[in-house]
Structure formats: C-alpha cells, structure tokens
Amino acid sequence: MAKLLSLSTRTQTVLQVFAGMIRAARLERKMPQQDLAERLGVSRQTISAIEKGDAKVAIGTVFEAAAIVGIPLLAESSRDLQRLSTTVAGLTSLLPERARGPQVELDDDF
C-alpha cells in the first residue's frame, strides 16, 4: 500500500476550506449526502470523507462533487474555462523542449 505524503499545513487548510465549501453548497441545495453520492457514483462514506477534507479521496471525485453542488473550478463558466485552458496551453508551448519533456507516442491499438 502506498504511503500518503505528509501534507503541509497550508495544503491541509485548503482541503478543509474546500471541504467546507462543498458541504455548505450541498446543504444550501438541501441535498442529502446520499443524493450527492448517487450522482457521483460513490458511497455516502466517500461524500463524508470529501466533506472532512480527506486527502485520500481522488481529486477528480472532489472536483466533480464541487461541480455538482455549483462550486466553480478555476472559472465561472465553460467559456472562461476554455479560454484559461487555451492560455495555459499557449504558455506551455513557449517552454523550451527540454522543460516539456519528450513527446510520448501512445500505442492504443488493442
């Protein structure tokens, strides 16, 4: 079993704040934990872990929970998020080749 990295106090605080935001937004919508769990396809215990700021919950699961309860991630709208994505891709393309690493060809012929 992989050992969880020791998290900084700042990271722990961010997890707690984000957990509180998710819980508050869920309660504001009068959504029981079980309903959110069903929409996410996880157990109610996973929702409880998210709302406690448990670092072992997959980040994608936490982000999806946030999106479902209406917490914007990085941008308020899909359009703004797409603009941000394009900007980041443009900045990344400006990095020297050695900083970007080699292009890896994926063999997806199953």
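**Description of the overall build of the chain**
Part 1 of the argument: Each helix and strand in the chain was counted, giving six helices and zero strands.
Part 2 of the argument: Secondary structure elements of the chain, listed N to C terminal, follow the sequence α-α-α-α-α-α.
Part 3 of the argument: Considering the chain as a whole, with its 110 residues, one finds that 22% of them fall into the buried category.
Part 4 of the argument: Here the chain has roughly 8,700 Å² of accessible surface; of this, 56% comes from carbon and sulfur atoms.

**Brief notes about helix α3 (residues 44–51)**
Part 1 of the argument: Taken as a whole, α3 has its buried residues at I47, S48, A49, I50 and E51.
Part 2 of the argument: Two residues or fewer past α3, G53 is found with a positive phi of approximately 80°.

**Let's talk about a nonpolar patch on the surface**
Part 1 of the argument: Nonpolar side chains collect at one region of the surface, where L74, L81, L84 and V88 lie side by side and expose about 370 Å² of accessible area between them.
Part 2 of the argument: Mapped onto the elements, L84 comes out in helix α5 (residues 78–94).

**Observations regarding the pattern of salt bridges**
Part 1 of the argument: Per the counting criterion, the structure on display carries three salt bridges.
Part 2 of the argument: Across the pair E51 and R23 runs a salt bridge whose closest N-O atoms are separated by 3.9 Å. With E51 in helix α3 and R23 in helix α1 (residues 9–28), this pair connects stretches of sequence that are 28 residues apart.
Part 3 of the argument: Judged by relative accessible area, which is 11%, E51 ranks as buried.
Part 4 of the argument: Across the salt bridge formed by E51 and R26, the nearest N and O atoms sit 2.5 Å from each other. Here E51 is found in helix α3, whereas its partner R26 is found in helix α1, with 25 residues between them in sequence.
Part 5 of the argument: Judged by relative accessible area, R26 falls into the buried class, the value being 6%.
Part 6 of the argument: Linked by salt bridges that have partners in common, R23, R26 and E51 make up one network.

So, how was this worked out
Residues numbered from 1 in each chain as written. Predicted model: local features only at pLDDT ≥ 70, side-chain atom pairs only at ≥ 80, totals over all residues. Heavy atoms only, no water. Helix = DSSP H or I, 4+ residues; strand = E, 2+ residues; numbered from the N terminus. Buried < 20%, exposed > 50% of the residue type's maximum accessible area, 1.4 Å probe, protein only. Areas by Shrake-Rupley, 256 points an atom, 1.4 Å probe, with all protein chains shown as cover. Patch = residues over 30% accessible without salt bridge, like charges linked within 9 Å, V, L, I, M, F, W, Y side chains within 5 Å. Salt bridge = Lys/Arg side-chain N within 4 Å of Asp/Glu carboxyl O.

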